[in-house]
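Okay, here's what each chain looks like letter by letter:
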Amino acid sequence: MSAEARPAIPAAPPLTERQEARRRRILHATAQLASRGGFDAVQMREVAEAAGVALGTLYRYFPSKVHLLVATMQDQLQHLHTTLRKRPPVADGAAQRVAETLMRAFRALQREPHLADAMVRALTFADRSVSPEVDTVSRQTTAIILDAMGLENPTPEQLSAVRVIEHTWHSALITWLSGRASIAQVKIDIETVCRLIDLTDPERPPGARGGRSTDPRTGRSGRQETG
């Protein structure tokens, strides 16, 4: 779900209060339909009827079902981020806080498996036309992880770790939704990938990073001891 570097897209003019209320009705109707029947249950005509808007109006806001469902995920992540800021993770270490945060996000999606499946499928199907919406989802996910880490100015190496964590979380969602991974396995995978946070901490002593090293006496490569 990570955003790639792309040319800046001019910002759309802000919505009026009435337009924002209409957009929220559309997203609410989409989430309700997806919660009941998943991806296939979200049909543009049914969304328009449930939201009380004309079909043409719906298409002006969202050109396709994929745009609509990716925007719904963006909306769900916004709600999650607000909740997390009110009740942040309590673990001591940054890696543990991120793992706790992502598992809370996972459990929120777990409560609505049809909705989760619809949103993840939309992200998977998204093409270049949906790039701005997908990038917004990625930025929100990054912001949630950085908040849990307690970072405002991450290093490039830390941002790289965050991208890998995002990829793993997304993949874990897919494997769980397809029945190929248990919740316990998802938790193990999330906790494992979050250890990258410790490895990319610039304040971590060099000798504590581990990795391969070469013995100057023998020329052989071996595992470096951690401090």
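Refer to the structure printed above.
Residues numbered from 1 in each chain as written. Predicted model: local features only at pLDDT ≥ 70, side-chain atom pairs only at ≥ 80, totals over all residues. Heavy atoms only, no water.

Engineer: Would you take a moment to explain the environment of Arg22 for this structure?
Structural biologist: Among the secondary structure elements, Arg22 is positioned in helix H1 (residues 17-37). Measuring from C-alpha to C-alpha, the distance between Arg22 and Val53 comes to 7.8 Å, with 31 residues separating the pair along the chain. Not counting residues within four places of it along the chain, the set of residues in contact with Arg22 comprises Val53, Thr57 and Tyr61. (Helix = DSSP H or I, 4+ residues; strand = E, 2+ residues; numbered from the N terminus. Contact = heavy atoms within 4.5 Å.)

Engineer: Mind showing me how you'd approach the pattern of salt bridges here?
Structural biologist: Once the charged atoms of two side chains with opposite charge are near each other, the side chains can pair. Tallied over the entire structure, the rule returns 5 salt bridges. Note that Arg24 is salt-bridged to Glu20, the shortest N-O span being 4.0 Å. Placement of both Arg24 and Glu20 in helix H1 is noted, with a separation of 4 residues, approximately one turn of the helix. The closest approach of N and O atoms between Asp117 and Arg121, which form a salt bridge, is 3.8 Å. Placement of the pair is Asp117 and Arg121 together in helix H6 (residues 113-125), with a separation of 4 residues, close to one helical turn. For Asp117, a relative accessible area of 24% gives the class partly exposed. Each of Glu20, Arg24 and Asp75 takes part in a single network of salt bridges with overlapping partners. (Salt bridge = Lys/Arg side-chain N within 4 Å of Asp/Glu carboxyl O. Buried < 20%, exposed > 50% of the residue type's maximum accessible area, 1.4 Å probe, protein only.)

Engineer: Just to check I follow, could you spell out the packing of aromatic side chains for this structure?
Structural biologist: In this description, a pair of aromatic rings is defined by centroid distance and the angle of the planes. The full count for this structure, using the stated rule, is 3 aromatic pairs. Residues Phe39 and Phe125 carry aromatic rings whose centres are separated by 5.5 Å and whose planes lie at 80° to one another, so their mutual orientation is edge-to-face. Here Phe39 is found in the loop between H1 and helix H2 (44-51), whereas its partner Phe125 is found in helix H6, with 86 residues between them in sequence. When its relative accessible area of 9% is taken as the criterion, Phe39 is described as buried. Measuring from ring centre to ring centre gives 5.0 Å for Phe106 and Trp176, while their planes differ by 70°; the resulting arrangement is edge-to-face. Placement of Phe106 in helix H5 (residues 94-110) and of Trp176 in helix H8 (residues 156-177) is noted, with a sequence separation of 70 residues between them. (Phe/Tyr/Trp six-rings, centres within 6.5 Å; stacked < 30°, edge-to-face > 60°.)

Engineer: Whenever I open this one, empty space enclosed by the protein confuses me. Can you help?
Structural biologist: Here the idea is plain: a probe the size of a water molecule rolls over the atoms and shows the empty space left. Applying the stated criterion across every chain, the model contains 1 cavity of 30 Å³ or more. The volume enclosed by the largest cavity comes to roughly 40 Å³. Lining the largest cavity, in full, are Leu77, Leu80, Leu102, Ala105, Thr141, Ile144 and Trp169. Taken together, the residues of the lining of the largest cavity break down into 6 nonpolar, 1 polar and no charged. (1 Å grid on protein atoms, 1.4 Å probe; cavity = no way out; pocket = protein on both sides within 12 Å on 5 of 7 lines; lining within 4 Å. Points joined across faces, edges and corners; volume = space filled by probe spheres on them. Nonpolar A, V, L, I, M, F, W, Y, C, P; charged D, E, K, R; others polar.)

Engineer: Honestly, the layout of surface pockets in this entry has me stumped. Any pointers?
Structural biologist: Taken as a whole, the second largest pocket spans an internal volume of roughly 410 Å³. Per element, the largest residue contribution to the lining of the second largest pocket is 7 residues, and it comes from helix H4 (residues 65-86). Counted by class, the lining of the second largest pocket contains 10 nonpolar, 5 polar and 4 charged residues.

Engineer: What's the story with the nonpolar core in this structure? I'm lost.
Structural biologist: The tendency in soluble globular proteins is for nonpolar side chains to be buried as a group. Ile26, Val98 and Cys194 are the most contacted members of the largest nonpolar core, which totals 61 residues. Filtering out sequence-adjacent residues up to four positions away, Cys194 remains in contact with Ala95, Val98, Ala99, Leu102 and Ile165. (Core = buried A, V, L, I, M, F, W, Y, C linked by side-chain atoms within 4.5 Å.)

Engineer: In this structure, what is going on with the packing of H4 against helix H7 (residues 131-149)? I would like to understand it.
Structural biologist: The description of two packed helices rests on the angle between their axes and on the distance between the axes. Packing of H4 against H7 brings their axes to within 9 Å, and their N-to-C directions diverge by 15°. Considered as vectors, H4 and H7 are oriented roughly parallel to each other. Note on packing geometry: the crossing formed by H4 with H7 is left-handed. Residues His67, Val70, Gln74, Leu77, Gln78, Leu80, His81, Leu84 and Arg85 of H4 lie in contact with H7, whose contacting residues are Glu133, Val134, Thr136, Val137, Gln140, Thr141, Ala143, Ile144 and Asp147. (Axes fitted to C-alpha atoms, helices over the stretch in contact; angles between N-to-C directions. Parallel < 35°, antiparallel > 145°, perpendicular 65-115°, else oblique. Left-handed = near helix turned anticlockwise from the far one by under 90°.)

Engineer: Would you take a moment to explain helix H9 (residues 183-193) for this structure?
Structural biologist: Since the α-helix packs 3.6 residues into each turn, any two residues three or four apart lie on the same face. Buried within H9 we find Val186, Ile190 and Val193. For H9, the angular spread of buried residues about the axis comes to 70°, placing them on one side. (Arc of directions from axis to C-beta.)

Engineer: What's the story with the packing of H5 against H8 in this structure? I'm lost.
Structural biologist: With their axes 12 Å apart at the nearest point, H5 and H8 run at an angle of 30° to one another. For the element pair H5 / H8, the angle class is roughly parallel. The element H5 and its partner H8 pack so that their crossing is right-handed. Only Ile165, Trp169, Leu173 and Trp176 of H8 make contact with H5, whose side of the interface consists of Val98, Leu102, Ala105, Phe106, Leu109 and Gln110. Counted by class, the contact of H5 with H8 contains 9 nonpolar, 1 polar and no charged residues.

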